[in-house]
Amino acid sequence: MYTPFAFVDVFAEQPLTGNPLAIIPNAGALDEASMRRIAGELNQAETTFIMPSQNKSADWRLRSFTAVGHEVFGAGHNSLGAWWWLAETGVLSLKEGKNHFVQEIGGHLLPVEVRREGTRLESVVLTQSPPEFGNICKDIGALADALGLTPDALSHSLPAQVVATGAGHLLVPVRDRSSVTQAHPDRQKLAKVLKAVGGEGCYLYCLEPVSPTSTAHARFFNPTVGIVEDAATGTAAGPLAAFLVRHGVVKNGATVVIEQGYEMKRPSVLRLEVHDSSVKLAGRGVTVIEGKLRLQ
């Protein structure tokens, strides 16, 4: 018994950049235990299974698992890469301009927009959940220690706060890009800090990007689900964009560009469109591997 699979580099303009995502199409016949085992075999940060939706209002249902078997939700690279594959392979019927779909993921129905210019697939745009602003981490010493930084490396102009647009992550501002680069988290200590504030992962960022067209430079660590570091994290970039708008760093209605993955030699570009409580995540992808997986 064989099942097809593909790898898509998400938030990438060229192969071997961005955040790699494993995709299993036509996964409706697989049970949950098999999905977890396949995710472990493909050994990516996340593997997404595409299946018919259980809700008549949605076009497709997605389920995503980390390599160690944790199911993850939210509209991030796990979702965007799957829709890029659906569009690129001709599964979706597309016209010029904006094409609208609905995805079912984690019990939620979320809009998806696929943009095409002529014959060129331009981008996939995901609407995330409205931002929710959670706990602020007040133990800066413990947070800095967990990240392998000194307390003075953290910026005090903005709070370290848990924000969610589908998944709640602790957003941690630091003074400069060198502080982002020098971070080397202790997974156990960081997991303890995240548990105390109710955050799933940690998005370390500064407002000193590499590219002059970017707004922020970031790294993502998630010891709570077994991710040492992630090259591009849409479920963290969305909260950061909403947070920066809330604090007046960027204007409401502006496009926020976040760069990530540089320290992993996987440069990624995430574009966020924020307008009041609406947060949209836009990006591109490159299919780099196609094959078949033997299951029996």
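Heads up: the structure comes first, above all this text.
Predicted model only: the values in this text are computed from it and were never measured. (Residues numbered from 1 in each chain as written. Predicted model: local features only at pLDDT ≥ 70, side-chain atom pairs only at ≥ 80, totals over all residues. Heavy atoms only, no water.)

Participant: Quick question: what am I supposed to make of the overall build of the chain here?
Facilitator: In terms of regular secondary structure, the chain is built from 6 helices and 18 strands. What you see for the chain is a C-alpha radius of gyration of 18 Å, in line with the 19 Å of a compact globule of 296 residues. With the C-alpha coordinates of the chain rotated into their principal frame, the extents come out at 55 × 40 × 35 Å. Nonlocal contacts in the chain, meaning residues at least 24 apart in sequence, comprise 61% of its contacts between residues at least 6 apart. (Helix = DSSP H or I, 4+ residues; strand = E, 2+ residues; numbered from the N terminus. Rg over C-alpha atoms; globule rule 2.2 N^0.38 Å. Contact = heavy atoms within 4.5 Å.)

Participant: Can you walk me through the pattern of salt bridges in this structure?
Facilitator: As a working rule, side chains carrying opposite charge can pair if their charged atoms are close by. Applying the stated criterion to the full structure yields 10 salt bridges. Salt-bridge contacts for Glu 71 lead to Arg 63; the nearest nitrogen and oxygen are separated by 2.8 Å. You can call Glu 71 partly exposed: its relative accessible area is 23%. Classification of Arg 63 as buried rests on a relative accessible area of 12%. A salt bridge links Asp 145 to Lys 189, with the nearest nitrogen and oxygen atoms 3.0 Å apart. Pair noted here: Asp 145 is in helix 3 (residues 140-146) and Lys 189 is in helix 5 (residues 187-197), with a separation of 44 residues, a long-range link. Note on Asp 145: relative accessible area 41%, which makes it partly exposed. (Salt bridge = Lys/Arg side-chain N within 4 Å of Asp/Glu carboxyl O. Buried < 20%, exposed > 50% of the residue type's maximum accessible area, 1.4 Å probe, protein only.)

Participant: Any chance you could explain the side chain of Asn 222 here in plain terms?
Facilitator: Within the secondary structure, Asn 222 sits in strand 13 (residues 216-222). Note on Asn 222: relative accessible area 1%, which makes it buried.

Participant: In this structure, what is going on with the state of the cysteines? I would like to understand it.
Facilitator: What we call a disulfide is simply a covalent bond connecting the sulfur atoms of a pair of cysteines. Taken as a whole and assessed by the stated rule, the structure comprises 0 disulfides. Free of any disulfide, Cys 137 has its nearest neighbouring cysteine sulfur in Cys 202, separated by 9.1 Å. Judged by its relative accessible area of 6%, Cys 137 is buried. Accessibility expressed as a relative area gives 0% for Cys 202, which makes it buried. (Disulfide = S-S within 2.5 Å.)

Participant: I keep staring at the nonpolar core and nothing clicks. Help me out?
Facilitator: The tendency in soluble globular proteins is for nonpolar side chains to be buried side by side. In terms of nonpolar packing, the biggest core is built from 51 residues, with Val 114, Tyr 203, Leu 240 and Leu 272 touching the most fellow members. Take this core: its biggest share by element is 8 residues, from helix 6 (residues 234-246). Discounting residues that sit within four places of it in the chain, Tyr 203 has contacts with Leu 170, Leu 171, Val 172, Ala 218, Arg 219, Phe 220, Thr 233, Ala 236, Ala 237, Leu 240, Ile 258 and Gln 260. Grouped together as the second largest cluster of nonpolar side chains are 23 residues, Leu 143, Leu 170, Leu 194 and Phe 221 included. (Core = buried A, V, L, I, M, F, W, Y, C linked by side-chain atoms within 4.5 Å.)

Participant: Please explain helix 6 as it appears in this structure.
Facilitator: Structural remark: α-helix, 3.6 residues per turn; residues separated by three or four positions point the same way. Here helix 6 contains 13 residues, and its C-alpha end-to-end distance of 18 Å stays within 8% of the 18 Å for a straight helix at 1.5 Å per residue. Taken across its 13 residues, helix 6 has 12 buried, putting it largely inside the fold. Just past helix 6, the residue Gly 248 takes up positive phi, approximately 75°. (Expected span 1.5 Å × (residues − 1).)

Participant: Looking at this model, I keep getting lost on the packing of aromatic side chains. Mind explaining?
Facilitator: The description of two aromatic rings rests on the distance between their centres and on the angle between their planes. Inspection of the entire model under this criterion finds 4 aromatic pairs. When the ring of Phe 5 is compared with that of Phe 7, the centres are 5.9 Å apart and the planes differ by 65°; the resulting orientation is edge-to-face. The pair formed by Phe 5 and Phe 7 is uniform in burial state, with each residue classed as buried. Taking the centre distance of 6.0 Å and the plane angle of 75° together, the rings of Phe 49 and Phe 65 count as edge-to-face. Here Phe 65 lies in strand 4 (residues 60-65) and Phe 49 lies in strand 3 (residues 47-51), a separation of 16 residues in the sequence. For the cation-ring pair, Arg 246 lies above Phe 133, with the distance from its terminal atom to the ring centre recorded as 4.0 Å. (Phe/Tyr/Trp six-rings, centres within 6.5 Å; stacked < 30°, edge-to-face > 60°. Lys NZ or Arg CZ within 6 Å of the ring centre and 35° of its normal.)

Participant: Before we go on, may I ask you to explain the side chain of Thr 3 in this structure?
Facilitator: Structurally, Thr 3 is set in strand 1 (residues 2-10). A residue is classified by how much of its surface remains accessible, and Thr 3, at 7% relative accessible area, is buried. Other than its neighbours up to four places away in sequence, Thr 3 contacts Ile 24, Pro 25, Gly 291, Lys 292, Leu 293 and Leu 295.

Participant: In this structure, what is going on with the environment of Gly 40? I would like to understand it.
Facilitator: Inspection of the secondary structure puts Gly 40 in helix 1 (residues 32-42). Along the chain, Gly 40 and Val 257 lie 217 residues apart, while their C-alpha atoms are 32 Å from each other.

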